[in-house]
Amino acid sequence: MLLLKKEQLLAWLNKLTQAYQVFAPVNEEGCVSFKQIEAGDQCTLDYTNSKVPPKEVLFPRSEYLFCYRCEKEHVELKEQIDEHKKVIFGLRPCDARSFLLLDNVFRNERFQDPYYLTRRKNTVLVGLGCNQPPATCFCTSLGSGPFATEGLDLLLVDIGDRYVLEVLTERGQELLSGMELPAADQEAREAAQKVKEGAAVSSRVTLEGLKSKLDVSFDHPLWDLIHEKCLGCAACTYTCPTCHCFDIVDEAQGNEGCRVRSWDACMFPLFTLHGSGHNPRPTNKERFRQRVMHKFKYFVDNFNATACVGCGRCILNCPVNLDIREVIAEIQGTEVRSNKQ
Amino acid sequence: MLIKMQDITKAMQEKARELLQNKEVELVIGFSKGSLPLRYTPCFIRQPEEAEKLAWGYGCENNLAVYLRKRPEKMAVIAKGCDSRSIVELIKENQVKRENLVIIGVPCRGMIDRQKLSRLLAGKELREAEIKDGLVAVQGKDISASFPLDQLLYDSCLTCQHPNPVLYDYLLGEQVPARGSDTFADVAGFESRPPAERRSYLMKELSRCIRCYACRQACPMCFCEECFADCSMPQWVSKSSLDVQANLFFQAVRVLHLAGRCVDCGACDRACPMGIDLRTLTRKMVRDIQELFGYTAGISLDEKPPLAAPIKTAAGHV
Ligand code: SF4
Ligand code: SF4
Ligand code: SF4
Ligand code: SF4
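A quick note: this is a predicted structure, and the numbers were derived from the prediction, not measured.

Caption draft 1: Examining the overall build of chain A more closely. When you go through chain A residue by residue, the secondary structure sums to 12 helices and 11 strands. A globule of 341 residues ought to have a C-alpha radius of gyration of about 20 Å, and chain A, at 22 Å, matches this closely. Taken along its principal axes, the extent of the C-alpha atoms in chain A is 65 × 65 × 40 Å. Looking at the 341 residues of chain A, the share that counts as buried comes to 58%. Split by element, the accessible area of chain A, about 15,200 Å² in all, is 48% carbon and sulfur. Here chain A carries 41 positive and 46 negative side-chain charges, and the mean point of each set is 3 Å from the other.

Here it is as structure tokens:
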């Protein structure tokens, strides 16, 4: 554990921007998101959590996969793989965990996604512990926590005028080269410990038994009503650090264009609309069920993990205050009923 | 006299219970207490004994008219001034059957803008709030403050000319006085800026757009079977958000599609998770429709929507 004075932070960030693309929380009109910064003073570490999660650094809202030009006899292709070295600075532990979950999707037996994986490989994660978790966070129920280190390379613990820096990996160590930081003394360690103990996550969900309930609930009447106030937008999925659905389209003009991948959402009817006009998820009921099932059942089936890190963004951003914690509680409260009944 | 929110809540519960008990309706759409401080959330009540979930307060910010289309059953809805105006337009557009709908009107004193509050709290988290005598007392970790209610209301509420429902079957509470007339000074201010400046302001706002379409989904009047933004043959607008221009184009067309239909309820603006200023566009259009056609949306069932009626000019009908 090392010690970093707050006044050293700027110089460190400035130095990092020389060698890396640094993505850090930036406040635009009260809306905090991870943006590439040119200098350390552009970033704010005084924030609860970003509006849009840092997943957008590795898996952008929209990205070119490749561009092409068709000539008479041949096609010219240019792949767009982003190989820049990056640092995501000041992300929360829950968001670091989300990358571990996303890894399953983009790197598994069936698929290797070079776009995500190249960025992932070249990105170092510097976490910032949460001294004051907001009331909408329930990360501790999902295997994370305000000072969880899983997935991070470095963790900053704010102890007032200084940060206690936990070096977690060699890549993290590399970011500190030339810094010659002192080791955290006894007093600083104790202060960090106190900060950690004071950071209570008050909100909880019960995951125990949830998956086995969902296993047999596809046809349960609970789905008829639970979605009713949902408007079918993508405020929840686009701001969720674990949601990862996408759409691929060609944006072309004349004989040249690019293939673009953009976020898509299971809450949109278009997401499952077939070319024939048939839609296997014709109403909001099926779409809302899909969102819940994917997070708490299918992802568990596929990767043995729940696709939620308890960041609370969907709760804060839903225009009708449809609270995922209440949805979980309601499912937990229903009687188990077999699919076949 | 029903002025207190608690009294309105009680009256609302009683009316809902009665309507359900007498089988006059199968469903009551209203609000219940939400899961965040100051927040209320849309709720759907089908059993008389569930009516006690209904609640009324300064966080009933959603426009419930958005839930009324394509429902076969007889239902009742809680309607503020703006909700009732959207209902009027929906009836005129044959989207809602008047005879299937019981409108429980509630005069509205304005709703609290939690974003304004959060700016005042400089990002500190609100944990609890209490409203008394026109003051909002807020509590949180390291905060304890009190703000005049008026300072916290949505801009759309501060310019609202129709806080009282324009169409209703029952009215809960006393009519509230409308605020001083809406001069659209904000629109005039925007228009007075050079075109390049206006454009760069809108581009800057829309650069944050993530294309979640919460604005569209929250609007009671945005109900096209297939939104032009979703259409792929032909593709009218880029599906990606790489190009801010496309975000602006989406918004511009959305707003134009609402000409003479938008009631300036502000639901789209509120729904936007990115805090993008959508009202500058919607209000410009509302004001233009008033100036060009002398029409204000959602005021009367008889007045023809401007784009459906023959255009009157100095020379007569066209
Ligand atoms: S489902 Fe909600 S709480 Fe869970 S990770 Fe996604 S946004 Fe966060
Ligand atoms: S943000 Fe809310 S309204 Fe929008 S799709 Fe998600 S749950 Fe539904
Ligand atoms: S465009 Fe916005 S302000 Fe106008 S009716 Fe729709 S939601 Fe309300
Ligand atoms: S709600 Fe906001 S972010 Fe979402 S599509 Fe509309 S303007 Fe864009």
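Caption draft 2: Representation of the state of the cysteines within the structure. All names here are of chain A. Across all of its chains, the model carries one disulfide over all chains by this definition. Between Cys67 and Cys258 runs a disulfide, and the two sulfur atoms are separated by 2.1 Å. A torsion of 95° about the S-S bond marks the disulfide between Cys67 and Cys258 as right-handed. With Cys67 in strand 4 (residues 62-70) and Cys258 in strand 11 (residues 256-263), this pair connects stretches of sequence that are 191 residues apart.

Caption draft 3: Region of interest: the sheet that holds strand 2 (residues 21-28) of chain A. Residues and elements named next belong to chain A. Overall, mixed pairing links the seven strands, which are arranged 1-9-8-7-6-2-3 in an open sheet. What marks the edges here is a single partner per strand, and that holds for strand 1 (2-5) and strand 3 (31-37). Each neighbouring strand pair of the sheet contributes to a mean axis angle of 25°, computed without reference to strand direction. As defined by bridge partners, strand 6 (residues 86-91) adjoins strand 7 (residues 123-128) across five bridges and the pair is classed as parallel. Within strand 7, the residue paired with Leu91 across the bridge is Gly127. Running over the sheet, helix 3 (residues 93-106) touches strand 6 and strand 7 and is turned about 140° from strand 6.

Caption draft 4: Up close: a nonpolar patch on the surface. All names here are of chain B. Residues Leu292, Phe293 and Leu307 make up a contiguous nonpolar surface patch of roughly 330 Å² in combined accessible area. For Leu292, the position within the fold is in helix 11 (residues 279-293). Exposure remark for Leu292: the relative accessible area of 66% places this residue in the exposed category.

Caption draft 5: Examining the packing of helix 3 of chain A against helix 4 (residues 114-121) of chain A more closely. Residues and elements named next belong to chain A. Relative orientation of the contacting elements helix 3 and helix 4 amounts to 145°, with a least axis distance of 10 Å. Every pair of crossing elements has a handedness; the one defined by helix 3 and helix 4 is left-handed. Across the interface between the two elements, Phe99, Leu100, Leu102, Asp103 and Phe106 from helix 3 touch Tyr116, Leu117 and Arg120 from helix 4. Split into classes, the residues belonging to the contact of helix 3 with helix 4 amount to six nonpolar, no polar and two charged.

Caption draft 6: Just the pairing of strand 3 (residues 75-79) of chain B, in detail. Residues and elements named next belong to chain B. The element strand 3 is largely enclosed, with a buried count of five among its five residues. Neither face of strand 3 is exposed, since Met75, Val77 and Ala79 on one face and Ala76 and Ile78 on the opposite face are all buried. With three bridges connecting them, strand 1 (residues 27-33) and strand 3 associate as parallel partners. When the bridges of strand 3 are listed, Leu27 appears paired with Met75. Relative to strand 4 (residues 101-105), strand 3 runs parallel, the two sharing five bridges. Counterpart to Ala79 in the pairing with strand 4 is Gly105. A crossover links strand 3 with its parallel partner strand 4, the connecting element being helix 2 (residues 81-92), and its sense is right-handed.

Caption draft 7: Main features of the site of ligand 1. Taken together, Phe138, Cys240, Pro241, Lys295, Cys308, Val309, Gly310, Cys311, Gly312, Arg313 and Cys314 of chain A make up all the residues around ligand 1. Taken together, the residues of the shell around ligand 1 sort by class into seven nonpolar, two polar and two charged.

Caption draft 8: Molecular detail of the domain arrangement of chain A. All names here are of chain A. Each assigned domain of chain A is listed with its residue range as follows: domain 1 (2-198) and domain 2 (210-332). On the side of domain 2, 38 residues touch domain 1, which itself brings 39 residues to the contact. It is Tyr68, Thr136 and Phe138 that lose the most area in domain 1 upon contact with domain 2, and together they represent 19% of the buried surface on that side. Here domain 1 and domain 2 share four salt bridges between them. Between Glu63 and Arg261 there is a salt bridge whose closest N-O contact spans 3.0 Å. Connecting domain 1 to domain 2 are 23 residue pairs in polar contact (both at pLDDT 80 or more). For the side of domain 1 that touches domain 2, the elements supplying multiple residues, two or more each, are helix 2 (55-58), strand 4, helix 3 and helix 4. Across the side of domain 1 that touches domain 2, the residue classes tally to 23 nonpolar, seven polar and nine charged.

Caption draft 9: Spatial organisation of the pattern of salt bridges. Enumeration according to the criterion identifies 52 salt bridges over all chains in this entry. The partner of Asp323 of chain A in a salt bridge is Arg325 of chain A, and the shortest N-O contact between them spans 2.7 Å. Take Asp323 of chain A: its relative accessible area is 2%, and that puts it in the buried class. Judged by relative accessible area, Arg325 of chain A falls into the buried class, the value being 14%. Among the ionic pairs, Asp169 of chain B bridges to Arg98 of chain B, the shortest N-O distance being 2.9 Å. Of this pair, Asp169 of chain B sits in the loop between helix 5 (155-158) and strand 8 (170-171) while Arg98 of chain B is found in the loop between helix 2 and strand 4, placing the two residues 71 residues apart along the sequence. For Asp169 of chain B, a relative accessible area of 35% translates into the label partly exposed. What emerges from the salt-bridge pattern is a single network uniting Glu63, Asp82, Lys86, Asp113, Arg119 and Arg261 of chain A.

Caption draft 10: Geometry of the confidence of the model for chain B. Averaged over all residues, the pLDDT of chain B equals 93, while 96% of them reach at least 70. Prediction confidence for the complex, expressed as pTM and ipTM, is 0.94 and 0.94 respectively.

Caption draft 11: View of the domain arrangement of chain B. Looking at chain B, the domain boundaries give domain 1 (5-109 + 162-171), domain 2 (114-149) and domain 3 (185-308). Centre-to-centre, using C-alpha coordinates, domain 2 of chain B lies 31 Å away from domain 3 of chain B.

Caption draft 12: Geometry of the packing of helix 7 (residues 195-206) of chain B against helix 9 (residues 244-257) of chain B. Residue and element names in this part refer to chain B. Where helix 7 contacts helix 9, the two axes come as close as 9 Å, and the packing angle between them is 100°. Taken together, the axes of helix 7 and helix 9 are roughly perpendicular relative to one another. Contacts from Arg199, Leu202, Met203 and Leu206 of helix 7 reach helix 9 at Val244, Gln245, Asn247, Leu248 and Gln251. Within the contact of helix 7 with helix 9, the residues separate by chemical class into five nonpolar, three polar and one charged.

Caption draft 13: Region of interest: the site of ligand 3. In the neighbourhood of ligand 3, the contacting residues comprise Cys219, Arg254, Leu258, Cys262, Val263, Asp264, Cys265, Gly266, Ala267, Cys268 and Thr282 of chain B. In terms of residue class, the shell around ligand 3 is built from seven nonpolar, two polar and two charged.

Rules used throughout
Residues numbered from 1 in each chain as written. Chains lettered and ligands numbered in written order. Predicted model: local features only at pLDDT ≥ 70, side-chain atom pairs only at ≥ 80, totals over all residues. Heavy atoms only, no water. Helix = DSSP H or I, 4+ residues; strand = E, 2+ residues; numbered from the N terminus. Rg over C-alpha atoms; globule rule 2.2 N^0.38 Å. Buried < 20%, exposed > 50% of the residue type's maximum accessible area, 1.4 Å probe, protein only. Areas by Shrake-Rupley, 256 points an atom, 1.4 Å probe, with all protein chains shown as cover. Lys, Arg positive; Asp, Glu negative; His and termini not counted. Charge placed at Lys NZ, Arg CZ, Asp CG, Glu CD. Disulfide = S-S within 2.5 Å. Pairing = 2+ DSSP bridges. Axes fitted to C-alpha atoms, helices over the stretch in contact; angles between N-to-C directions. Contact = heavy atoms within 4.5 Å. Patch = residues over 30% accessible without salt bridge, like charges linked within 9 Å, V, L, I, M, F, W, Y side chains within 5 Å. Salt bridge = Lys/Arg side-chain N within 4 Å of Asp/Glu carboxyl O. Left-handed = near helix turned anticlockwise from the far one by under 90°. Nonpolar A, V, L, I, M, F, W, Y, C, P; charged D, E, K, R; others polar. Right-handed = clockwise from strand over helix to strand, strands pointing away. Near = heavy atom within 4 Å. Domains from an automatic or database assignment. Buried area = accessible area lost by both parts, 1.4 Å probe. Polar contact = N/O pair within 3.5 Å; in protein donor to acceptor, adjacent residues only side chain to side chain. pLDDT = per-residue confidence, 0-100. Parallel < 35°, antiparallel > 145°, perpendicular 65-115°, else oblique.

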